[in-house]
Each structure stands twice: as C-alpha cells, then as structure tokens.
Amino acid sequence: MSGTSGTSGTSGIDASHALILYGGTPMARQDEARALAAGALCLRGEGSPCLACPPCRKVLEGGHPDVYWLRPEADRVWIGVDQTRKLRVALLRAPHEGRCKIAMIEADALNANAQSALLSVLEEPPGDTRFILLSENPLMLLPTIRSRCVARRLRNAPEEAKPGKEAHALMNALLSGDEWMWAAACFSMEKKGRDDLPLVLDELAALLAGGLSGRDVLTARRFGGIIDRVRTLQDMLAANAGVKHVCGALAVCGFAEIS
C-alpha cells in the first residue's frame, strides 16, 4: 500500500496535498486532523499550530470557513456520491480567509461511488486545497485513492481507553503552576516501558487539547507548545531514545522553555 508506513506525530501537511490518518481511535484521528488543519492555517505560518491565533481557534472550535468536513448525513451510515460532488464544487472556490482550503473526510464512510467521485478531485486538486482522510484501516479504501495520498499511522489505543493516572497527574501539575510537582510527575514515568510511555504522552496531549477552551492566550500558547514537544518526544522514542532521557526532556519543557 503506497505510503502506509508513515510515522506518528504532528507535522505539517504541505508536503503532500492529500494525507490519510489511520489507526488509533476515531477521537484521536479527529484531534490529529484538527491539529494539522490548524497548523496549515495558523498565522504563525510554520506548519505547527500556535493554538491561540484566530485561525487556530476557529479550526479547533469547528468554525473555520476554509475547513470542510465530509461526514455521513444525519441518520445515514454512508457518505453518498452527491455529498462528495458538493464538496468538489465547494473546493473550486477561493479560500475565504486562509491561504488554503482543507477537506477533512471520514473516509471509512465513503461508499464505492463516493470514492470514485472523490478520486477526480484528488487527481487534479485546486492548488490551494489539502485533503485529510481519516480511516481505521486504509486497506478498505480503493487502491487508486491510496496511491494519491501519503499515509500516517496513529498509535493504536483501545476504543474505551481513558487518560490514566499518570496523564492526569501531569495535567494537574501544569494547572497548579508548581514546577517541582511537574518534574516529579515527569520523572515518575521513568518506570514506564517503551511501549507504555507513548500512550501516556498521547493521553497528555489529549488533555491539553481538551483544556484549551476558555484559557487565556499565554496559557493556550504554552499548552500548544507542550503538545508540539510531546509529539517530538514520541518521535524520539520511536527512534530509540531512552525512556529516562524522554522523561527528563518533558520535565524541562513544561516550565523552563514555554512558560
């Protein structure tokens, strides 16, 4: 399957006009898609979201006019071909506010005809359009769809999984403003195995993203910076960095660099 050996972690989508996010939970895929869309439209223009500027906030709150969600209509299981054609027409328009348009597509709900309708716009997309397809398993998509996308796998987690005590301890330490409490929470994770620590980091990122609503600008920027660092640390783990080294780097980033 073309491109499906991608790595997890948040990075920009400008390298490819079409990306498949697959694996993990539906919520994790949606959160990652929003982060990528925010990064593409962020006023900072660096590919990663600041999570505080108006475009970032609009994306996270579901109100950006240049972000289009393609989902099944109410009381339906599948996305029909008519919905896909309407999306194609909408994407031909110029962006309303941002430098590009982003189509977020629940790809597993596309029936065969809808996939065929999507294929034509994937083959010849408007130059200012990016696609993010969300899928549990891209092998369920047409090979012609997959061949036109770069795929990135999210770390899998049980559907019913909820943030554990370690992630909550880290979040509570951040909210308390106690640097020593944060450091203790970070170093307490040194006992976690290499397979377990990425999940804790995923849970922390989810708590941070969920805690953005109602925060002041400085706090939102700080949370966004920690989310970026968490994704970098996950990539370091995947590249065989030591657990102790990663925990130490996380302890530093909470206050010294981003506060």
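Note: the structure precedes this text.
Residues numbered from 1 in each chain as written. Predicted model: local features only at pLDDT ≥ 70, side-chain atom pairs only at ≥ 80, totals over all residues. Heavy atoms only, no water.

### Brief notes about helix α7 (residues 179–187)
Move 1: Where α7 is concerned, the buried positions are W182, A183, A185 and C186. Take α7 and look down its axis: the buried residues cluster within an arc of 160°, on one side only.
Move 2: At the N-terminal end of α7, a side-chain oxygen is found 2.9 Å from the backbone nitrogen of W180, two or three residues along, and the residue is D178. (Buried < 20%, exposed > 50% of the residue type's maximum accessible area, 1.4 Å probe, protein only. Helix = DSSP H or I, 4+ residues; strand = E, 2+ residues; numbered from the N terminus. Arc of directions from axis to C-beta. Polar contact = N/O pair within 3.5 Å; in protein donor to acceptor, adjacent residues only side chain to side chain.)

### Describing the sheet that holds strand β3 (residues 101–106)
Move 1: An order of β2-β3-β4-β1-β5 is seen for the five strands of this open sheet, with the pairing classed as parallel. This sheet does not close on itself; its edge strands, each paired only once, are β2 (67–70) and β5 (150–153). Across the sheet, the axes of successive neighbouring strands diverge by a mean angle of 20°, strand direction being ignored.
Move 2: Relative to β5, strand β1 (residues 18–22) is paired through four bridges, and the arrangement is parallel. Each bridged residue has a counterpart across the sheet, and for L21 the counterpart in β5 is R152. (Pairing = 2+ DSSP bridges. Axes fitted to C-alpha atoms, helices over the stretch in contact; angles between N-to-C directions.)

### A look at unusual backbone geometry
Move 1: With a phi close to 70°, L51 is a non-glycine residue in the positive phi region.
Move 2: For N240, which is not glycine, the phi torsion reads 80° and is therefore positive.
Move 3: Relative to the helices and strands, N240 resides in the loop between α9 (217–238) and α10 (243–257).
Move 4: In this structure N240 comes out as exposed when scored by relative accessible area, which is 63%.

### Concerning the environment of R152
Move 1: Residue position: R152 is located in strand β5.
Move 2: R152 sits in the buried class, given a relative accessible area of 10%.
Move 3: As for R152 and I20, which are separated by 132 residues in sequence, their C-alpha atoms are 6.1 Å apart.

### Quick look at the nonpolar core
Move 1: Judged by nonpolar contacts, the single largest core of 31 residues is most densely connected at L170, W182, L197, L208 and L250.
Move 2: Breaking this core down by element, the ones donating at least two residues are α6 (165–176), α7, α8 (197–210), α9 and α10.
Move 3: Counting 25 residues, the second largest nonpolar core, distinct from the first, contains I79, L91, A109 and I145. (Core = buried A, V, L, I, M, F, W, Y, C linked by side-chain atoms within 4.5 Å.)

### Quick word on the packing of α6 against α7
Move 1: The geometry of α6 relative to α7 is characterised by a closest axis approach of 8 Å and an angle of 165° between their N-to-C directions. Accordingly, the angle class assigned to the pair α6 and α7 is roughly antiparallel. Here α6 and α7 pass one another in a crossing that is left-handed. Residues A169, L170, N172, A173, L174 and S176 of α6 pack against M181, W182, A185 and C186 of α7.
Move 2: A breakdown of the residues in the contact of α6 with α7 according to their chemical character gives eight nonpolar, two polar and no charged. (Parallel < 35°, antiparallel > 145°, perpendicular 65-115°, else oblique. Left-handed = near helix turned anticlockwise from the far one by under 90°. Contact = heavy atoms within 4.5 Å. Nonpolar A, V, L, I, M, F, W, Y, C, P; charged D, E, K, R; others polar.)

### Remarks on the side chain of D66
Move 1: Structurally, D66 can be placed in the loop between α2 (54–60) and β2.
Move 2: Here D66 occupies a buried position and makes no salt bridge, while the nearest side chain of opposite charge, K101, is found at 7.0 Å.
Move 3: At 2.6 Å, the side chain of D66 and the backbone nitrogen of H96 are in polar contact.
Move 4: Within the structure, D66 has its side chain in polar contact with the backbone nitrogen of G98 (distance 2.7 Å). (Lys, Arg positive; Asp, Glu negative; His and termini not counted. Salt bridge = Lys/Arg side-chain N within 4 Å of Asp/Glu carboxyl O.)

### Looking at helix α3 (residues 81–91)
Move 1: Those residues of α3 that fall on the buried side of the exposure criterion are Q83, T84, L87, A90 and L91. Across the axial projection of α3, the buried residues extend over an arc of 115°, all falling on one side. Set apart from the buried face of α3 by more than 90 degrees, the exposed residues are D82 and K86.

### Quick notes on the pattern of salt bridges
Move 1: According to the stated counting rule, one finds seven salt bridges in the structure shown.
Move 2: For E61, the salt bridge identified is with R57, shortest N-O distance 3.4 Å.
Move 3: The exposure class assigned to E61 is exposed, which follows from its relative accessible area of 59%.
Move 4: Across the pair K58 and E97 runs a salt bridge whose closest N-O atoms are separated by 3.0 Å. One end of the pair, K58, is in helix α2; the other, E97, is in the loop between α3 and β3, with 39 residues separating them in the sequence.

### Overview of the environment of A184
Move 1: In this structure, A184 sits in helix α7.
Move 2: Note on A184: relative accessible area 47%, which makes it partly exposed.

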